[in-house]
Amino acid sequence: MTNPSWTPSHRRLTDSLRAAVAPVCACVLALGGLSVWTASGNAGRPPRIDVTDARLFLPAPGSPRTAAFFRITNTGGVRDRLVEVTSSAVTGGISLSRHRMTGRGSAYPQAAESLPVPAGGTLDMSPFTSDVTVPATARWRAGDLVPFTLRFEHSGRLEANAVVVRPGEG
């Protein structure tokens with residue numbers, strides 16, 4: 001059954017068209033803005049991870065563990081997390097650690113499930129911030145290269161060779 005009082009007059013059609021113009025223009029502007037944002041590389045730029053300055057402290061005689069440090073730079077637009085480190089040259093468990101400062105200016109390690117790598121930033125591991133705790137191997141000598149595989153939440157796996165250095169030298 002049709003409504004006999006409604007008929008498509010010129011005025012009604014013009015009013016309907018005017019009412020639809022504002023939402024259509026808003027959608028076109030929003031879509032155009034998002035297209036420009038995406039084309040400029042700002043939308044969903046994935047993390048871009050680079051690992052440099054990899055070093056492994058020469059273990060002290062009789063010490064069961066030592067530490068490895070990496071400089072991890074993320075030039076992408078999304079943060080990432082280091083979630084695991086492994087090495088074919090190490091037997092035993094490798095773990096991630098954060099260092100907590102005490103009131104006396106010293107630090108102690110605390111196990112960490114992951115370490116954040118900020119978008120457009122750097123995770124710069126050091127004896128004062130964070131490290132990778134590694135079971136010591138007596139056969140390492142200063143200057144040796146030890147292979148590591150770093151696994152990131154979003155970026156997957158990256159290979160890095162850490163140079164063995166005496167603490168305080170690197």
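Look up a bit, the structure's there.
Below is a summary of the structure that appears in this document. Note that residues are indexed from 1 along each chain, following the sequence as it is written. Selection of residues for local features in this predicted model requires a pLDDT of at least 70, selection of side-chain atom pairs for listing and counting requires 80 or more, and totals for whole chains, interfaces and linings are taken over all residues. Where side-chain values are given, they derive from all heavy atoms of the structure, hydrogens and water being excluded.

Observations regarding the overall build of the chain
Then step 1. Going along the chain from the N terminus, every DSSP run of H or I of four or more residues is numbered as a helix, and every run of E of two or more is numbered as a strand. In terms of regular secondary structure, the chain is built from one helix and 10 strands.
Then step 2. Helices (α) and strands (β) of the chain occur, in sequence order from the N terminus, as α-β-β-β-β-β-β-β-β-β-β.
Then step 3. The buried share among the 170 residues of the chain stands at 31%.
Then step 4. Considering only intrachain contacts with a sequence separation of at least 6, the fraction spanning at least 24 residues in the chain is 65%. Only protein chains enter the accessibility calculation, which uses a 1.4 Å probe; a residue is then buried when its area is under 20% of its type maximum, exposed when over 50%, and partly exposed in between. Note on contacts: a residue pair qualifies if any of its non-hydrogen atoms lie within 4.5 Å across the two residues.

So, the packing of aromatic side chains
Then step 1. Only rings of Phe, Tyr and Trp enter the pairing, Trp through its six-membered ring, and a pair is recorded when the two centres are within 6.5 Å. The plane angle decides the type: under 30 degrees is stacked, over 60 is edge-to-face, the rest tilted. Scanning all chains against the criterion turns up two aromatic pairs.
Then step 2. Ring centres of phenylalanine 70 and phenylalanine 148 lie 5.6 Å apart, and the angle between their planes is 80 degrees; on these two criteria the pair is classed as edge-to-face. Of this pair, phenylalanine 70 sits in strand S2 (residues 65–74) while phenylalanine 148 sits in strand S9 (residues 145–152), placing them 78 residues apart in sequence. Both residues of the pair, phenylalanine 70 and phenylalanine 148, count as buried.

As for unusual backbone geometry
Then step 1. In this model, aspartate 53 sits at a positive phi of 50 degrees, which is unusual for a non-glycine residue.
Then step 2. A relative accessible area of 51% means that aspartate 53 is categorised as exposed.

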